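Structure assessment
Take a look at the letters that make up each chain.
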Amino acid sequence: MELNGRTFIVTGGASGLGAACVAEFARAGANVVICDVSERGAALAGDRVRFALTDVTDEAQVRAAVRMARDEFGALHGLVNCAGVATAERAIGREGPQPLERFAGVVEVNLIGTFNVIRLAAAEMLEREVGAGEDRGVIVCTASVAAYDGQIGQAAYAASKGGVVALVLPLAREFAQHQIRVIGIAPGIFDTPMLAGLPEAARESLGRQTPFPARLGRPQEYAALARHVVENQMLNGEVIRLDGAIRLAPR
Ligand SMILES: NC(=O)c1ccc[n+]([C@@H]2O[C@H](COP(=O)([O-])OP(=O)(O)OC[C@H]3O[C@@H](n4cnc5c(N)ncnc54)[C@H](O)[C@@H]3O)[C@@H](O)[C@H]2O)c1
């Protein structure tokens with residue numbers, strides 16, 4: 001699928017990897033609806049870019065954003081799921097077992113929110129007529145290398161991202177009949193506001209743990225892969241690690 005003239009929803013598009021996709025896709029001539037809980041997304045709106053204040057876990061808000069894509073740009077061709085939250089907390093901490101609602105909260109946004117947007121966006125994509133063999137839609141999901149090598153304190157985050165990894169193949173299989181592709185990207189460690197809370201020394205150390213290139217990933221590198229995934233029709237049902245060969249250590 002070409003990006004030029006097509007319309008995409010980018011969740012988490014107000015920041016980091018999502019914001020890089022918004023810029024890359026708009027530069028390539030695509031229309032974008034940013035769905036984010038952060039008002040910062042409003043500052044990115046422009047000619048081809050709209051902002052919908054949206055919590056990905058909220059059905060009514062996601063429906064409204066999908067409607068916005070259709071009403072403003074005529075149809076919906078794709079979805080990039082970047083909305084996510086990261087926490088670090090041991091299952092048994094100094095104050096006892098991790099409160100269940102904190103585990104559930106991460107799964108709610110990262111996994112259930114991702115599925116919520118996929119189901120509502122894909123239903124809209126089905127409205128579009130396409131020729132045989134042509135892409136009707138492309139859905140990109142953001143997992144994490146933590147889905148495979150989660151560190152101590154990442155049980156909730158890793159489980160939520162493992163769920164995203166596991167969604168990709170069954171959805172690609174189900175949506176094949178509709179000519180909609182589903183692909184996952186599992187980033188290593190990227191330099192985004194999600195990491196901004198860490199001290200500079202910790203960020204540098206994380207960068208050095210990446211075998212090559214020995215630095216943090218750049219959001220533009222994620223956006224370049226998301227773009228390629230949209231453009232390369234043979235990619236489907238797979239989760240691609242984008243990680244400079246990093247394998248996370250236990251801590
Ligand atoms: N940065 C990394 O190193 C890294 C590595 C692996 C995976 N990821 C994943 O990539 C995705 C993007 O992360 P990022 O690094 O750009 O982080 P980020 O914090 O810069 O951006 C995440 C965005 O998601 C939004 N968001 C959070 N909860 C939301 C909700 N309920 N509804 C709508 N929007 C919501 C935030 O407001 C924010 O704008 C996340 O899913 C993250 O888990 C990031």
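Read on for an overview of the structure.

Calculation criteria
Residues numbered from 1 in each chain as written. Predicted model: local features only at pLDDT ≥ 70, side-chain atom pairs only at ≥ 80, totals over all residues. Core = buried A, V, L, I, M, F, W, Y, C linked by C-beta atoms within 7 Å. Buried ≥ 20, exposed ≤ 12 C-beta atoms within 10 Å, placed from the backbone. Contact = placed C-beta atoms within 7 Å. Pairing = 2+ DSSP bridges. Helix = DSSP H or I, 4+ residues; strand = E, 2+ residues; numbered from the N terminus. Axes fitted to C-alpha atoms, helices over the stretch in contact; angles between N-to-C directions. Right-handed = clockwise from strand over helix to strand, strands pointing away. Near = placed C-beta within 6 Å. Nonpolar A, V, L, I, M, F, W, Y, C, P; charged D, E, K, R; others polar.

Thoughts on the nonpolar core
Judged by nonpolar contacts, the single largest core of 68 residues is most densely connected at Ile 9, Cys 21 and Ile 34. Each residue touching Ile 9, except ones within four places of it in the same chain, is listed here: Val 33, Cys 35, Ala 65, Ala 69, Leu 76, Leu 79 and Ala 121.

Things to note about the sheet that holds strand β8 (residues 180–187)
If you walk across this open sheet you meet the seven strands as β3-β2-β1-β4-β7-β8-β9, and the pairing is parallel. Every other strand in the sheet has two partners, leaving β3 (49–53) and β9 (239–242) as the edge strands with one partner each. Here the average twist between neighbouring strands, direction ignored, is 20 degrees. Inspection of the sheet shows β8 paired to β9 by four bridges, in the parallel sense. By the bridge assignment for β9, Ala 186 is matched with Arg 241.

Observations concerning the pairing of strand β2 (residues 31–36)
Most of β2 sits inside the fold, with six of its six residues counted as buried. Where burial is concerned, the two faces of β2 agree: the one with Asn 31, Val 33 and Cys 35 and the one with Val 32, Ile 34 and Asp 36 are both buried. Here strand β1 (residues 7–11) pairs with β2 via five bridges, running parallel. For Thr 7, the partnering residue across the bridge sits in β2 and is Asn 31. In terms of handedness, the path from β1 via helix α1 (residues 16–27) over to β2 forms a crossover that is right-handed.

Description of the site of the ligand
Around the ligand lies a shell of 31 residues, among which Gly 12, Ser 15, Gly 16, Gly 84 and Thr 192 are the nearest. Broken down by secondary-structure element, the contributors of at least two residues to the shell around the ligand are α1, β2 and α3 (100–125). Among the residues forming the shell around the ligand, the class breakdown is 16 nonpolar, 13 polar and two charged.

Digging into the environment of Arg 90
The residue Arg 90 is located in the loop between β4 (78–81) and β5 (92–93) in this model. Residue classification places Arg 90 among the exposed residues on the basis of 12 C-beta atoms within 10 Å. Separated by 46 residues in the primary sequence, Arg 90 and Leu 44 place their C-alpha atoms 36 Å from one another. Residues in contact with Arg 90, not counting those within four places in the same chain, are Gln 98, Ile 152 and Gly 153.

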